[in-house]
Protein chains: 2
Amino acid sequence: MLQIISIFFFIFGSMKRITIKEIARQAGVSVGTVDRVLHKRGEVAEATKDLVLKIAKEGNYTTNVFARNLKLNKVYQIAVILPLDNDYWKTQRQGIEQSAEEYESLGMVLKFYPFDRSNQGSFLTKAAMAIDGEPDAVILAPLMEEEATDICGRLKSKAIPFVFVDSNLEEVAPLAFIGQDSVQSGYLAARLLNYGYGEGHDAWILKYTDFDSLNKTIDERIDGFRQYYVDQGWNAGRIHEINVENQVKLTEVLNSIKGEGMHLFVPNSRSYQIVSMIDESNLARKKRIVGYDLVKENIAPLENGHVDFIIDQNPNLQGNLSVQVLYKQLIANAPIKQYQYMPLEVVSKENLRFANSYREEPEEVVG
Amino acid sequence: MLQIISIFFFIFGSMKRITIKEIARQAGVSVGTVDRVLHKRGEVAEATKDLVLKIAKEGNYTTNVFARNLKLNKVYQIAVILPLDNDYWKTQRQGIEQSAEEYESLGMVLKFYPFDRSNQGSFLTKAAMAIDGEPDAVILAPLMEEEATDICGRLKSKAIPFVFVDSNLEEVAPLAFIGQDSVQSGYLAARLLNYGYGEGHDAWILKYTDFDSLNKTIDERIDGFRQYYVDQGWNAGRIHEINVENQVKLTEVLNSIKGEGMHLFVPNSRSYQIVSMIDESNLARKKRIVGYDLVKENIAPLENGHVDFIIDQNPNLQGNLSVQVLYKQLIANAPIKQYQYMPLEVVSKENLRFANSYREEPEEVVG
């Protein structure tokens, strides 16, 4: 949000910022030299370049994007490589499209390369197609670590800038990362699931063996969850990590949970699926469920109290910001914040209607 | 945040919107007539007016603010009537100033009339000064219901538009209200304070008898808190509402709390004061504290675990949005959303660093 405020002000503020003429005067060089430095064209001595950039930066210089774009008449192609199978990813896409539509008149157009998150091959193939299209920049969800590292190596060798949404690979050093701190997010989940228990409660982490097993974000959340027990000095043996192969297996697992209560951590968007598989007798039990993402299927179980807390990641805003970063990079020559962390937004039944990602559903006619 | 995105897009998008000439063509009237309708000058038949406004709205018409302002060379005076005694209100003011600075070149300037929130007379006097200054619009925190209603009546009689921040008075119908749903906010606090207790826990509501007793927001939060017990079918006798006259009295109250645990609801920004008055033996007790606002004094008790949850209201963003509403009203002729609710942001030790209102403190040198 702050980033959005700042670019908003950046547009307005540009009227008051230092001009190329003034930069030239202060640096004691010609306007043409300043122009070459700012637009990275032609040869300029290193010392002059540094001086010009310093003055431009201090004077809060930003290119007059409207004028510049009219002159260049350049259209920037942005390749977007995301899975698009569920509501979370569709909302990311909407955020990207919403921003891009507004930037269109400034010269940015999108091309989507959706991949199948259960399939590394699909990820690699779609990324290869994207790179073959010679985009000016890429928005990428680097869910699968090894494959994403490989893809980013190719982007770097072609000097194509890329932004990560949702997940990060720090070693790869993207132009920007926009998303949550997944480890801290799992840590928060452990706090919420154990709130009020001095010794830590038995917790079941439900991990799907399908595409989730390829997703590094899920693993980071689980790491954070475990770290909370370590930091509290609790017995980590109370954490039961369970591989869920399918819904039938899930029912068996849930029915086998004995003891004073069910405390479930669902490190993906599928809390609603878990709830749907808890049978009547278990639904009435004392239980806690903490999950992720205000996808529309999670609204009902949150409202009826079966899910206690959802940690939301504001995918729409992530999408907005990713386009904004590329706008700053390609068109505005504006400074970019490399780590743009989303809040760890805690959503319960009681604050749902005011949550950033909440969208009122149109009422359905009951027949 | 969405509002900020939308005005941001509004600026960009304005390039693509319907022109006055096109409105005139579609309505079958002259450009002069359209201009009179849009700028509310001169006489135009009601039916024509309606038609012009309908076409303008459908075509997403917005005044070309840059051109219009250059022509009119008008400066809009905005009176801001807020208390400014603590970090929360200072952050509101910063948000307002930050936005106004950027809008300054478009013709908006601020004048502040800070009032003493322990004193109705001060509120009335400062508001009277503001109104005497004949502002074009007002930003107001209507903390004291009766006085604020009176002030707003005078603003309405002078056709001065006003925006409420922080608190609302629905009956008065401001141009916009920007803040939390205070009742629901207290309701959420009750949920957090009782999480894990099937029957509801004894809760102590600490209500200062100083300026808080004049503040309707505090009462609304307490109403919401009580409503939660009602909705759960719990014994409302477990809620102990305590008037805190001063710090000495507070210590007595805290020391007198017996039973299995202290569950404190602090319906204002002063959680840190409460924590500072809990003595050693009580600090070690099982306790829960839920309070409000990420003012800088609340950071340490949140970090060291004495405060469990802070509900934050994002005062900086409230300030930004209030100026934006007046910009839309006075300059851009853009549609305004009357109810702009802030999220009920739940902040704990675990997600503090990613909270919207969190600002890293410069590290202090320890001597």
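Throughout, a residue's number is its position along its own chain's written sequence, starting from 1. Lettering for chains starts from A, numbering for ligands starts from 1, and both go in the order in which the items are written. Two thresholds apply to this predicted model, a pLDDT of at least 70 for residue-level local features and 80 or more for giving and counting side-chain atom pairs, whereas whole-chain, interface and lining totals are computed over all residues. Excluded from the side-chain calculation are hydrogens and water; included are all heavy atoms of the structure.

Draft legend 1. Representation of helix H7 (residues 120-132) of chain B. All names here are of chain B. Here a strand is any run of E in DSSP of at least two residues, a helix any run of H or I of at least four, and the numbering for each starts at the N terminus. Expected span of a helix: the number of residues minus one, times 1.5 Å. When the terminal C-alpha atoms of H7 are compared, their 18 Å separation across 13 residues agrees well with the 18 Å that a helix rising 1.5 Å per residue should span. All buried positions along H7 are accounted for by Ser122, Phe123, Ala127, Ala130 and Ile131. For H7, the angular spread of buried residues about the axis comes to 165 degrees, placing them on one side. Each element contacted by the buried residues of H7 is listed here: strand S1 (76-81), strand S3 (137-140) and helix H8 (145-157). Accessibility here uses a 1.4 Å probe with only protein chains present; expressed as a share of the type maximum, an area under 20% marks a residue as buried, one over 50% as exposed, and anything in between as partly exposed. What the arc covers is the set of directions going from the helix axis to the C-beta atoms. By the convention used here, residues are in contact when the closest approach between their heavy atoms is within 4.5 Å.

Draft legend 2. Main features of the packing of aromatic side chains. Residues and elements named next belong to chain B. Stacked, edge-to-face and tilted labels apply to pairs of Phe, Tyr and Trp rings (six-membered ring for Trp) whose centres lie within 6.5 Å, assigned for plane angles under 30 degrees, over 60, and everything in between, in that order. Inspection of every chain in the model, using the stated rule, returns 27 aromatic pairs over all chains. Ring centres of Phe177 and Tyr341 lie 5.8 Å apart, and the angle between their planes is 75 degrees; this geometry places the pair in the edge-to-face category. Of this pair, Phe177 sits in strand S5 (residues 176-179) while Tyr341 is found in strand S11 (residues 339-341), placing the two residues 164 residues apart along the sequence. Where Tyr228 meets Trp234, the ring centres are 5.6 Å apart and the plane angle is 75 degrees; that geometry is what we call edge-to-face.

Draft legend 3. Broad picture of unusual backbone geometry. Residues and elements named next belong to chain A. Located in the positive-phi region is Ala159, a residue other than glycine, with phi close to 55 degrees. Judged by relative accessible area, which is 65%, Ala159 ranks as exposed. Notably, Asp166 is not glycine yet its phi reads approximately 75 degrees, a positive angle. Following the sequence through the fold, Asp166 ends up in the loop between strand S4 (162-165) and strand S5 (176-179). With a relative accessible area of 3%, Asp166 lands in the buried category.

Draft legend 4. Layout of the pairing of strand S6 (residues 203-208) of chain A. All names here are of chain A. Counted residue by residue, S6 has six buried out of six residues, so it is predominantly covered. The side-chain alternation of S6 yields two buried faces, one formed by Ala203, Ile205 and Lys207 and the other by Trp204, Leu206 and Tyr208. Bridge count between S6 and strand S7 (residues 239-244): six bridges; the pairing is parallel. Bridge pairing links Tyr208 to Val244 in S7. A crossover counts as right-handed when, viewed with the strands pointing away from the observer, the path leading from the first strand over the helix to the second turns clockwise. Regarding the hand of the β-α-β motif, the stretch spanning S6, helix H10 (residues 216-232) and S7 is right-handed. Summarising the sheet, S6 and strand S8 (residues 262-265) pair through two bridges and their orientation is parallel. Looking at the pairing, Trp204 lines up with Leu264 of S8. Strands pair, by our definition, only if DSSP identifies at least two bridges between them.

Draft legend 5. Summary view of the packing of helix H9 (residues 182-194) of chain A against H10 of chain A. Residue and element names in this part refer to chain A. Lines fitted to the C-alpha atoms define the axes, with helices restricted to the stretch that makes contact. Angles between their N-to-C directions range from 0 to 180 degrees. Two elements in contact, H9 and H10, have axes separated by 6 Å at closest approach and are oriented at 50 degrees. On the basis of their axis angle, the class for H9 and H10 is oblique. At the point where H9 passes H10, the crossing takes the right-handed sense. Together, Ser182, Val183, Gly186, Tyr187, Ala189, Ala190, Arg191, Leu193 and Asn194 of H9 and Thr217, Glu220, Arg221, Gly224, Phe225, Gln227, Tyr228, Tyr229 and Asp231 of H10 make up the contact between the two elements. Taken together, the residues of the contact of H9 with H10 break down into eight nonpolar, six polar and four charged. An angle below 35 degrees is read as roughly parallel, one above 145 as roughly antiparallel, one from 65 to 115 as roughly perpendicular, and any other as oblique. The hand of a helix crossing depends on one turn: near helix anticlockwise from the far one by less than a right angle means left-handed, and clockwise means right-handed. Residues are grouped as follows: nonpolar covers Ala, Val, Leu, Ile, Met, Phe, Trp, Tyr, Cys and Pro; charged covers Asp, Glu, Lys and Arg; every other residue, Gly included, is treated as polar.

Draft legend 6. Structural detail: the confidence of the model for chain A. Confidence per residue, as judged by the predictor, is encoded in pLDDT with a range of 0 to 100. Per-residue pLDDT for chain A has a mean of 87; in total, 90% of the residues score no lower than 70. Here residues 1-15 of chain A is a poorly scored stretch, pLDDT under 50, and it has 53 contacts once near neighbours within four places are set aside; other chains count.

Draft legend 7. The arrangement of the sheet that holds strand S10 (residues 309-312) of chain B in detail. Residues and elements named next belong to chain B. The strand order S7-S6-S8-S9-S10-S12 describes an open sheet built from six strands, whose pairing is mixed. Each edge of the open sheet carries a strand with a single partner, namely strand S7 (239-244) and strand S12 (345-347). The sheet shows a mean angle of 20 degrees between the axes of neighbouring strands, taken without regard to direction. With four bridges connecting them, strand S8 (residues 262-265) and strand S9 (residues 287-292) associate as parallel partners. If you follow Met262 over to S9, its bridge partner there is Lys287. Contacting strand S6 (203-208), S7 and S8, helix H11 (residues 247-256) crosses the sheet at an angle of about 175 degrees to S6.

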